[in-house]
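# Reading the structure
Residues per chain are reported as follows:
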Amino acid sequence: MISMYTSESIKYSARTEIGQTSRILVVEDEELIQEMLAVALEEEGYGVVTAADGRSAVEYLKSFDPNGGDFPFDLVILDLMLPQINGLDICRLLRHQGNPVPILMLSAKGSETDRVLGLEVGADDYLTKPFSMRELVARCRALLRRQRLITLPQLPVLKFKDVTLNPQECRVLVRGQEVNLSPKEFRLLELFMSYARRVWSREQLLDQVWGPDFVGDSKTVDVHIRWLREKLEQDPSHPEYIVTVRGFGYRFG
């Protein structure tokens, strides 16, 4: 069985082992189109593996557990009309296994019925032949970008005494009441709460929140700290959350 993976039916790009950010499986029986796809995707920096028929692709994919963390591809480009096992059946199999890998289906059939059928069996996008490589690469980028957004780790909710900050929702609760913060105020508070009791100088806060290219007066930090205190503290003149450490800067808590 291992010899099949190194036969002419499954081809590995020489560039797939160089630590590409994304790997793509191309299942296409027309040799010219397969090579054009591989070259175009490699030029964009993707690792590419190609399969020339449906059965080889299925046998290869069955060797990986989609839920076990070892599935090697971030995207599958799948021709509809393949020898032995067609693209629709491969798509059905992947979805039946619970495999969430994005699938871009290619087909010479461009009718609405064919497009709807491809999408209904689990494809994420559908491209009709002939197509431009520029459009195909753009669609691949969009599918990969969408998948990364879906799989981003959930940021933890930050809590300190009576202050709760939810990074996912960009919401802050103080003593159970929601408060409205500007983007800079929110980022300041998130930084403070992520490193409670750490002392930050004005220069460090400018670098972390405003960025290293900020041009302006460091007093802007003091202004934002004052605004934050007015929204967080019960008595801003005697803060319990954002405390001034004389000669050094500020700390939270």
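Please refer to the structure placed before this passage.
Note that this is a predicted model, so its numbers are computed, not measured. (Residues numbered from 1 in each chain as written. Predicted model: local features only at pLDDT ≥ 70, side-chain atom pairs only at ≥ 80, totals over all residues. Heavy atoms only, no water.)

### Points about the sheet that holds strand β10 (residues 177-179)
The strand order β7-β8-β9-β10 describes an open sheet built from 4 strands, whose pairing is antiparallel. Across the chains shown, the open sheet's two edge strands, defined by having one partner strand only, are β7 (158-160) and β10. On average, each strand axis in the sheet is tilted by 20° relative to the strand beside it, whichever way the strands run. Inspection of the sheet shows strand β9 (residues 171-174) paired to β10 by 3 bridges, in the antiparallel sense. When the bridges of β10 are listed, Leu173 appears paired with Glu178. Relative to strand β8 (residues 163-166), helix α7 (residues 183-194) is tilted by about 110°, and along the sheet it contacts β7, β8 and β9. (Pairing = 2+ DSSP bridges. Helix = DSSP H or I, 4+ residues; strand = E, 2+ residues; numbered from the N terminus. Axes fitted to C-alpha atoms, helices over the stretch in contact; angles between N-to-C directions. Contact = heavy atoms within 4.5 Å.)

### Structural notes on the sheet that holds strand β11 (residues 199-200)
Here we have 3 strands laid out as an open sheet, ordered β11-β13-β12, and antiparallel in their pairing. Every interior strand has two partners, whereas the edge strands, β11 and β12 (242-245), have only one. Bridging between β11 and strand β13 (residues 249-252) involves 2 bridges; their strand directions are antiparallel. Each bridged residue has a counterpart across the sheet, and for Val199 the counterpart in β13 is Arg251. Strand contacts of helix α9 (residues 219-232): β12 and β13, with the helix running at about 140° to β12, the strand carrying the most contacts.

### Points about the nonpolar core
Val172, Leu189, Phe192, Ile242 and Phe252 are the most contacted members of the largest nonpolar core, which has 27 residues in total. Of all the secondary-structure elements, those providing two or more residues to this core are β7, β8, β9, α7, α8 (202-210), α9 and β13. Top contributing element to this core by residue count: α7, with 6 residues. In this view, Ile242 contacts Phe192, Ile225, Leu228, Arg229, Leu232, Glu233, Tyr250, Arg251 and Phe252; residues no more than four positions away in its chain are not counted. (Core = buried A, V, L, I, M, F, W, Y, C linked by side-chain atoms within 4.5 Å. Buried < 20%, exposed > 50% of the residue type's maximum accessible area, 1.4 Å probe, protein only.)

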